[in-house]
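Spelled out from the first residue to the last, the chains are:
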Amino acid sequence: MGLLDILLGRSKPAAPDLDRLFALPSAAVTLEAAAGFTPTGDGAVCFATVEGAAFEQMHREVQALLDADTERTGPPVELRRDGYGYSWLVSRRTPGRLPELVNDLHAVNTSLEVNGFGPQLLCSLAGFTDGTGRRLALVYLYKRGTFYPFAPLPGAAERRDTALELQLRAVLGGDLRIEPDLGRWFPVWGAPGL
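Only a predicted model underlies this, so the values are computations on that prediction, with no experimental measurement involved.

Visitor: Can you tell me about the sheet that holds strand S5 (residues 135-141), naming the residues and giving the values?
Guide: A sheet is described by the order of its strands in space; here six strands give the open sequence S2-S3-S1-S4-S5-S6, paired in antiparallel fashion. Edge positions in the sheet fall to strand S2 (78-81) and strand S6 (146-150), since each has one partner strand and no second. Taking the axes of each pair of neighbouring strands and ignoring which way they run, one obtains an average angle of 25° across the sheet. Strand direction decides the pairing type here: strand S4 (residues 121-129) and S5, joined by seven bridges, are antiparallel. Bridge assignment links Leu125 to a residue of S5, and that residue is Val139.

Here is the structure:
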């Protein structure tokens with residue numbers, strides 16, 4: 001940042017820090033102790049849909065890398081497109097394997113970034129549930145380097161449990177860098193892995 005930027009009050013946006021994803025397993029312990037939510041084993045990385053041979057090649061390489069894990073159970077990593085035109089690379093692990101799921105999410109984000117698709121990255125999420133069937137996602141905003149909880153109401157058509165989200169903001173503040181601007185707590189309706 002130069003002198004002119006300082007005088008005009010401009011600032012550089014924070015660089016993404018993908019290593020913050022590795023805080024999710026410790027946050028999961030806090031989340032379970034404080035609110036009874038446990039990992040579902042589902043996670044996903046969302047990015048703006050990209051067309052072209054370079055992206056297809058990178059996608060095949062990432063999928064082959066993640067599918068080569070001999071400990072993976074269940075369906076292989078898959079690419080989905082949502083109704084809003086965004087792409088999701090979805091990974092599924094057994095619920096007790098959150099560190100491995102985080103490794104998957106980190107690998108996908110890193111591969112997209114290294115191959116020049118970083119500007120298309122939007123967010124990553126890990127799914128959680130409680131004993132009553134409530135669902136929750138801890139969403140990582142790539143461009144902000146922050147997390148926020150997203151809790152859709154069960155059975156409700158695109159309504160969220162904001163009281164629970166705010167409660168979890170306080171609970172998780174010691175484990176994760178929580179997004180301070182509530183206007184950036186975007187709903188991820190119909191996200192795979194949630």
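Visitor: Please give an account of the packing of helix H2 (residues 24-35) against helix H4 (residues 98-117) that cites residues and values.
Guide: Remark: H2 packs on H4, axes separated minimally by 9 Å, with the N-to-C direction vectors making an angle of 135°. By the angle between their axes, H2 is oblique relative to H4. Crossing of H2 against H4: the hand is right-handed. Only Leu98, Pro99 and Val102 of H4 make contact with H2, whose side of the interface consists of Leu24, Pro25 and Ala28.

Definitions and limits used
Residues numbered from 1 in each chain as written. Predicted model: local features only at pLDDT ≥ 70, side-chain atom pairs only at ≥ 80, totals over all residues. Heavy atoms only, no water. Pairing = 2+ DSSP bridges. Helix = DSSP H or I, 4+ residues; strand = E, 2+ residues; numbered from the N terminus. Axes fitted to C-alpha atoms, helices over the stretch in contact; angles between N-to-C directions. Parallel < 35°, antiparallel > 145°, perpendicular 65-115°, else oblique. Left-handed = near helix turned anticlockwise from the far one by under 90°. Contact = heavy atoms within 4.5 Å.

Treat this as a map of the structure, not an account of what it does.
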